[in-house]
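The lines below spell out each chain.
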Amino acid sequence: MNENPVRWFEIYVQEMARAKSFYESVLGVKLEALNSPGVEMFAFPMQMGQGGASGSLVRMEGMPSGGNSTLVYFGCEDCAVEAARAAQAGGRICREKFSIGEYGFCALAVDTEGNVFGLHSMT
């Protein structure tokens, strides 16, 4: 395999406006609507040809939010900053910033839809 294994992620939500506002507030980005018939999707920013993965928030009948086994990590300068934003935006912190040794630091949070997600930084 010559590429990073993760290419896309989907975070299932029940209330798109609330979830979109949450992630835009926490990550300081603007999500863009995707044209997907029968499914409401808003994509995180992406740079074609660059490393890493992008993905979207998805509201689809029959796909509940929360309680799933998918964990997405967002890259950050200092994951403690975004973790604090998560709490301020209506989510909660599961685990404050912690060391993962030579691989940097992580924090775990829960979004407004009940989904757990990770934040990763080198400092």
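Nothing here was measured: the structure is a model prediction, and the numbers come from that model. (Residues numbered from 1 in each chain as written. Predicted model: local features only at pLDDT ≥ 70, side-chain atom pairs only at ≥ 80, totals over all residues. Heavy atoms only, no water.)

### Quick notes on the overall build of the protein
Within the protein, the secondary structure is distributed over two helices and eight strands. The order of helices and strands in the protein, counted from the N terminus, is β-α-β-β-β-β-α-β-β-β. For 123 residues, the compact-globule estimate of 2.2 N^0.38 gives 14 Å, and the C-alpha radius of gyration of the protein, at 14 Å, lies within 12% of that figure. Its C-alpha atoms give the protein principal-axis dimensions of about 45 × 35 × 25 Å. Expressed as a percentage of the 123 residues in the protein, the buried residues total 39%. As displayed, the protein offers around 7400 Å² of accessible surface, 51% of which is attributable to carbon and sulfur atoms. Both charge centroids of the protein, one from 9 positive and one from 14 negative side chains, sit 3 Å from each other. (Helix = DSSP H or I, 4+ residues; strand = E, 2+ residues; numbered from the N terminus. Rg over C-alpha atoms; globule rule 2.2 N^0.38 Å. Buried < 20%, exposed > 50% of the residue type's maximum accessible area, 1.4 Å probe, protein only. Areas by Shrake-Rupley, 256 points an atom, 1.4 Å probe, with all protein chains shown as cover. Lys, Arg positive; Asp, Glu negative; His and termini not counted. Charge placed at Lys NZ, Arg CZ, Asp CG, Glu CD.)

### Re the packing of aromatic side chains
Tallied over the full model, the rule gives nine aromatic pairs. Ring plane angle 90° and centroid distance 5.1 Å describe the contact between Phe-22 and Tyr-23, whose orientation is recorded as edge-to-face. Here the aromatic cluster, defined as three or more aromatic residues joined through ring pairs, consists of Phe-9, Phe-22, Tyr-23, Phe-44, Phe-74 and Phe-117. The residue whose ring lies beneath Arg-95 is Phe-98, and the NZ or CZ to ring-centre distance is 3.8 Å. Just above the ring of Phe-105 sits the side chain of Lys-97; from NZ or CZ to the centre is 4.8 Å. (Phe/Tyr/Trp six-rings, centres within 6.5 Å; stacked < 30°, edge-to-face > 60°. Lys NZ or Arg CZ within 6 Å of the ring centre and 35° of its normal.)

### Quick notes on the side chain of Ser-56
Relative to the helices and strands, Ser-56 resides in strand 4 (residues 54-59). Residue Ser-56 is classed as buried on the basis of its relative accessible area, which comes to 0%. Setting aside chain neighbours within four positions, we find Ser-56 in contact with Trp-8, Phe-9, Glu-10, Ile-11, Leu-34, Met-41, Phe-42, Ala-43 and Phe-44. (Contact = heavy atoms within 4.5 Å.)

### A closer look at the side chain of Asp-111
Here Asp-111 lies in the loop between strand 7 (105-110) and strand 8 (116-121). Although Asp-111 lies buried, it forms no salt bridge, and the closest oppositely charged side chain, Arg-18, sits 7.5 Å away as judged by the N-O distance. At 2.8 Å, the side chain of Asp-111 and the side chain of Tyr-23 are in polar contact. Within the structure, the side chain of Asp-111 is placed 2.9 Å from the backbone nitrogen of Asn-115, a separation counted as a polar contact. Asp-111 has contacts with Ile-11, Phe-22, Tyr-23, Gly-91 and Phe-117, leaving out every residue within four places of it along the chain. (Salt bridge = Lys/Arg side-chain N within 4 Å of Asp/Glu carboxyl O. Polar contact = N/O pair within 3.5 Å; in protein donor to acceptor, adjacent residues only side chain to side chain.)

### Brief notes about the sheet that holds strand 6 (residues 92-99)
The four strands are arranged 5-8-7-6 in an open sheet whose pairing can be described as mixed. The sheet is open, and its two edges are formed by strand 5 (73-75) and strand 6, each paired on a single side. For this sheet, the mean inter-axis angle between neighbouring strands, taken without regard to orientation, is 20°. (Pairing = 2+ DSSP bridges. Axes fitted to C-alpha atoms, helices over the stretch in contact; angles between N-to-C directions.)

### Examining the environment of Asn-115
Summarising the element assignment, Asn-115 is placed in the loop between strand 7 and strand 8. A polar contact of 3.0 Å, which involves the side chain of Asn-115, links it to the backbone oxygen of Tyr-12.

### Examining the sheet that holds strand 3 (residues 40-43)
Within a sheet, each strand pairs with its neighbour through backbone hydrogen bonds, oriented either parallel or antiparallel. Within the open sheet, the four strands sit side by side as 1-4-3-2. Their pairing is mixed. Each having just a single partner strand, strand 1 (8-12) and strand 2 (32-34) make up the two edges of the open sheet. On average, adjacent strands in this sheet sit at an angle of 30° to one another, irrespective of strand direction. Alignment of strand 2 against strand 3, held across three bridges, turns out to be antiparallel. In the strand pairing of strand 3, Glu-32 is matched with Ala-43.

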